[in-house]
Amino acid sequence: MAARDGGRELFTILETSADAEGDGRPLNLSVDVKWVEIPFRKPESEEEEEEEEEGETEDEDADESYSAASSDSDLDFSDLEDEEQPGLLDADDVLDEDCTSPDFWGEPDQLVSVEAFGAACGPQHALGGDADALDYFRLLFPDSLFELMVEQTNRHALYRQRRCGKPDAHWHPTDGREMRAFLGLNVLMGVNQLPDLGMYWASDIFIGNAGFKKTMTARRFEKLNRNLHLCERESEPARGELGYDGLHKIRPLLDVLDGTMWDAYVPNRCLTVDECALVVKGRFSPAQYMPARPLRKGLRVWMLCDSRSGYCHRARIYVGRPGEEAALRVGRKAVTALVRGLEGRHHHLFMDGFFTSVPLLQRLLRDGLYACGPTRPARRGYPAALRPRNVGKLAPGEFYQCQRGNLVATVARDAKVVSCLSSNSAGRENMRGVDLCDQLRECYQVGRPGKKWWRYFLWFYVNLCIVNAYVILREARTGAAPGGKPFTQRHFRVRLAQQLIGDYQGARGMERAARKRHADSPLEYGHRLERMSERSRRCRNCTNKGLRHESVFGCKVCNVHLCRGGCFSEFHK
C-alpha cells in the first residue's frame, strides 16, 4: 500500500466526490471517486498532535481494561481456554505477518463478493398452539436441571451440617415441586421489586405479599437460598490438581444450556458479537475493572445474539488472568469460540471495536463468514495510510479507504473520526442484537445479590433463558399471549412464575389455607379458646395490628396465642 519515492513516503487513498455526495445515489467506484497521492506529513498544529496521542492512549487503556483483573484474583481461568486448538494460534500469527507487509493493502477498486444466505433459520420446536409459557421455558431450561439442583442442594445441606458438627433442625430435604416454586418466587421478585428480602413476608398488609406467604415461609426460602448448589463440592479438584476447572461450580449448568440455547433457535443472517457486564455488589476478585467503560467494575460475559430479535445463541464467561495475554488475542479467541458451528453458512457478524482486527476478519472470511465493526487504528495490520497522523483532519462526510479482496478498511468522519473494518456492506443498525437482549434482561432481574460470584452467573443464565423463551414465544405467536393477556414480557414472566409455583404450598401455607376454610364456623372444626401454656406469649391478633399484648390462652388448632377478649373471633375471621 505504502511506497517511498525519493525519500518521501507516498500512499494512495480514496476521496469522495462532491457531486456524488449531493445527489443521494450510491457511490460508483469508477465514476464518483478520484485517486490522489498525498505525501506523508506530520501534524501541522499541536492540537492535532494532542488529539492523536489522546486517541492512542484511550485505545491502550481500553485494551488493558479487558485483559487486567484484580491482582488478588483466585479465578485465573477463561472459559475459552479449553476450546483453544493448538494449530489455530499459529495460523493467526501467520496472518499477522501477512497483514503488516507493505504491499498488503491496495486501492479500493476490487470486486467485493458476498455469497447469498439461504439457510433455514428461526425457532426450532414441536410445540403446538396450546403451549404455554412454561413449555417454552422448558425448551431452554429442562427438567433435568431442576433434578440436578434438588440433588446437589440436598447434598450441600448435609455437607454444611457435617462441617458444623451438628444437625440443622430447620432443614428438611427439598424436592422438584419446591425447587420450581423457589425459582418462581425469584422470578416474581424481579417483577415486584422490594429493597429487602424480608419485606415480601412482612405482616404489614401494604408491604407483605400474600402469595409469597402462602407458598413458603421466609425461613424456608432463606434455607433454600443458602444451600442452593449445582455441583458436588467434595469432589471439586483444588487449584493445581489435575482436572481443575475454575467454572466447576456452574459447569453442569453451562453444559446443558450451551446445547439447549443453540438448538432452540437456528441463527438468522445477521448476528451480533458484543459483551455485557453483570453488576456486582461488594468486593469480588473475579470482577473486571474497566475505567473507560460506563460500568467500571463487573463480571464480563461475551454473547452471540440475533441482530433482529435479541435471542442469545451463546454466551461465554471470561474472568481473565492478570497480564497474561493481550486483549486482542483474547478477543479473537472469544469470537471464534462463539461462532463455532457456523462455518460456511455466510452469516454476517457485527462486532464491537474490542474484537475487530485484520487477522480475525481474514480468518472469518476464510471460514465463510462476513464481518463488520469499528476498530482502533493503532492495531497491528490496520493500514498505516489511514491512521490519524497520515490522514490529518477530515471534513464531515469525508472518508478514505484501502482494500484487499473482500476486506475493506475505512476511516471516515461523521460526528467524530471512526475507523472500521468490513468484509460486507451492511450497516451499523445490525449491531443492536446484544443491546436488545440486555434491555429485555435488565428490565426484570432474577435472584438476589449474594456473597458468591457464581450465584451472579447462575441467575444471569436463568434470566437469559426467560428472555430467550419469551423471544421464541413472541415469534411463534402473532396474536395474544397464552391466557388472552396482553403480549408483554411482564405478563410472560408473571405467567411463567405462576406455572412454576402451581398449587405448591409449604407447611405454613397449608396451615393458613385450613384456617381460611374454618373461618366461617371455627367451633365446628375444633377451634376454641383454651389455655395454651403456663407462660404467656404475645397475642397474634394484636401483633398483626401493631399492638403488644400477652396471653396464656389461644387456639391449639391454629397454634397461636390470643387474648380472652375479642381477639379469638377477630383472628379467625
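Residues numbered from 1 in each chain as written. Predicted model: local features only at pLDDT ≥ 70, side-chain atom pairs only at ≥ 80, totals over all residues. Heavy atoms only, no water.

Observations concerning the overall build of the protein chain
Scanning the protein chain for helices and strands turns up 18 helices and 20 strands. Looking at the protein chain residue by residue over its 573 residues, the buried ones come to 49%. Relative to all contacts within the protein chain whose residues are 6 or more apart in sequence, the contacts with residues 24 or more apart total 68%. As displayed, the protein chain offers around 28300 Å² of accessible surface, 49% of which is attributable to carbon and sulfur atoms. (Helix = DSSP H or I, 4+ residues; strand = E, 2+ residues; numbered from the N terminus. Buried < 20%, exposed > 50% of the residue type's maximum accessible area, 1.4 Å probe, protein only. Contact = heavy atoms within 4.5 Å. Areas by Shrake-Rupley, 256 points an atom, 1.4 Å probe, with all protein chains shown as cover.)

Digging into the packing of helix 14 (residues 453-476) against helix 15 (residues 489-501)
Two numbers describe how helix 14 lies on helix 15: the axes approach to 11 Å, and their chain directions differ by 115°. In terms of their interaxial angle, helix 14 and helix 15 are classed as roughly perpendicular. Between helix 14 and helix 15 lies a crossing of right-handed hand. Contact residues: Asn463, Ile466, Val467, Ala469, Tyr470 and Leu473 in helix 14; Gln489, Phe492, Arg493 and Leu496 in helix 15. Its residues assigned to classes, the contact of helix 14 with helix 15 shows 7 nonpolar, 2 polar and 1 charged. (Axes fitted to C-alpha atoms, helices over the stretch in contact; angles between N-to-C directions. Parallel < 35°, antiparallel > 145°, perpendicular 65-115°, else oblique. Left-handed = near helix turned anticlockwise from the far one by under 90°. Nonpolar A, V, L, I, M, F, W, Y, C, P; charged D, E, K, R; others polar.)

Let's talk about the pairing of strand 7 (residues 270-278)
Two faces, one strand: in a regular strand the side chains alternate between the faces of the sheet. Of all 9 residues that make up strand 7, 9 are buried, and the element is covered over most of its length. Judged by which residues are buried, strand 7 turns out to be covered on both faces: Cys270, Thr272, Asp274, Cys276 and Leu278 on one side and Leu271, Val273, Glu275 and Ala277 on the other are all buried. In terms of strand pairing, strand 7 meets strand 11 (residues 348-351) through 4 bridges, oriented parallel. By the bridge assignment for strand 11, Cys270 is matched with His348. (Pairing = 2+ DSSP bridges.)

Brief notes about the sheet that holds strand 20 (residues 560-561)
Spatial ordering of the open sheet is given by 16-19-20, a layout of 3 strands whose pairing is antiparallel. Looking at the sheet topology across the chains shown, the edges are occupied by strand 16 (530-531) and strand 20. In this sheet, strand 19 (residues 553-555) lies alongside strand 16 in antiparallel orientation, the contact comprising 2 bridges. Residue pairing in the sheet places Arg531 in a bridge with Phe553 of strand 19.

Some thoughts on the packing of aromatic side chains
One pass over the full model with this rule turns up 16 aromatic pairs. On the numbers, 5.2 Å between centres and 80° between planes, the contact of Phe104 with Trp105 is edge-to-face. The class of Phe104 is buried, set by a relative accessible area of 3%. Exposure remark for Trp105: the relative accessible area of 5% places this residue in the buried category. Ring centres 4.9 Å apart and planes at 45° place the aromatic pair Phe182 and Phe221 in the tilted group. Of this pair, Phe182 sits in helix 6 (residues 176-191) while Phe221 sits in helix 8 (residues 218-227), and the two are 39 residues apart along the sequence. For the pair Phe182 and Phe221, one class covers both residues: buried. Among the aromatic residues, ring-to-ring pairing joins Phe182, Tyr200, Trp201, Phe212, Phe221 and Trp459 into one connected group. (Phe/Tyr/Trp six-rings, centres within 6.5 Å; stacked < 30°, edge-to-face > 60°.)

Remarks on helix 11 (residues 358-366)
Each turn of an α-helix holds 3.6 residues, which means side chains three or four residues apart point in the same direction. Buried residues dominate helix 11, accounting for 7 of its 9 residues. Of the residues making up helix 11, those classed as buried are Val358, Pro359, Leu360, Leu361, Gln362, Arg363 and Leu364. Backbone geometry just downstream of helix 11 places Gly368 in the positive-phi region, at approximately 80°.

Let's talk about helix 13 (residues 433-443)
Inspection of helix 13 places Gly433, Val434, Cys437, Asp438, Leu440 and Arg441 among the buried residues, and these make up the whole buried set. Buried residues in helix 13, looked at end-on, bunch into an arc of 165°, giving them a common side. (Arc of directions from axis to C-beta.)

Let's talk about the nonpolar core
A general feature of soluble globular proteins is that nonpolar side chains tend to end up buried together. In terms of nonpolar packing, the biggest core is built from 77 residues, with Phe137, Phe141, Val301 and Met303 touching the most fellow members. Each residue touching Phe137, except ones within four places of it in the same chain, is listed here: Phe146, Leu183, Val462, Cys465, Ile466, Ala469 and Leu496. Membership of the second largest hydrophobic core comes to 35 residues, among which are Trp262, Leu304, Ala334 and Leu386. (Core = buried A, V, L, I, M, F, W, Y, C linked by side-chain atoms within 4.5 Å.)

Focus: the packing of helix 6 against helix 8
Two numbers describe how helix 6 lies on helix 8: the axes approach to 11 Å, and their chain directions differ by 100°. One element, helix 6, and the other, helix 8, form an angle in the roughly perpendicular class. Counted together, Glu178, Phe182, Leu185, Asn186 and Met189 of helix 6 and Arg220, Phe221, Leu224 and Asn225 of helix 8 form the full contact between these two elements. When its residues are assigned to classes, the contact of helix 6 with helix 8 shows 5 nonpolar, 2 polar and 2 charged.

Quick notes on the confidence of the model for the protein chain
Model confidence for the protein chain is summarised by a mean pLDDT of 76, while 72% of its residues fall at 70 or above. Looking over the protein chain, one finds the lowest element-wise mean pLDDT in strand 2 (residues 8-16), namely 38, and the highest in helix 6, namely 95. Note that residues 1-97 has pLDDT below 50 and, in this model, 175 contacts with residues that lie over four places away or in other chains. (pLDDT = per-residue confidence, 0-100.)

Observations concerning the environment of Cys558
With respect to the element layout, Cys558 can be found in the loop between strand 19 and strand 20. When the C-alpha positions of Cys558 and His572 are compared, they lie 9.2 Å apart, and in sequence the two are 14 residues distant.

Section: the side chain of Asn268
Looking at where Asn268 falls in the secondary structure, it is placed in the loop between strand 6 (265-266) and strand 7. Of the polar contacts made by the side chain of Asn268, one reaches the side chain of Asp306; its length is 2.7 Å. If we skip the residues at most four places from it in the chain, Asn268 touches Phe117, Cys121, Gly122, Asp306, Arg308 and His347. (Polar contact = N/O pair within 3.5 Å; in protein donor to acceptor, adjacent residues only side chain to side chain.)

So, a positive patch on the surface
The grouping of Arg163, Arg233, Lys451 and Lys452 at the surface amounts to a positive patch. Relative to the helices and strands, Lys452 is located in the loop between helix 13 and helix 14. (Patch = residues over 30% accessible without salt bridge, like charges linked within 9 Å, V, L, I, M, F, W, Y side chains within 5 Å. Salt bridge = Lys/Arg side-chain N within 4 Å of Asp/Glu carboxyl O. Lys, Arg positive; Asp, Glu negative; His and termini not counted. Charge placed at Lys NZ, Arg CZ, Asp CG, Glu CD.)

Some details on the pattern of salt bridges
Inspection of the entire model under this criterion finds 20 salt bridges. Between Asp143 and Arg138 there is a salt bridge, with the nearest N and O atoms lying 3.4 Å from each other. Judged by its relative accessible area of 35%, Arg138 falls in the partly exposed class. Between Glu178 and Arg220 there is a salt bridge whose closest N-O contact spans 2.7 Å. In this pair, Glu178 sits in helix 6 while Arg220 sits in helix 8, placing the two residues 42 residues apart along the sequence. Each member of the pair Glu178 and Arg220 is classed as buried.

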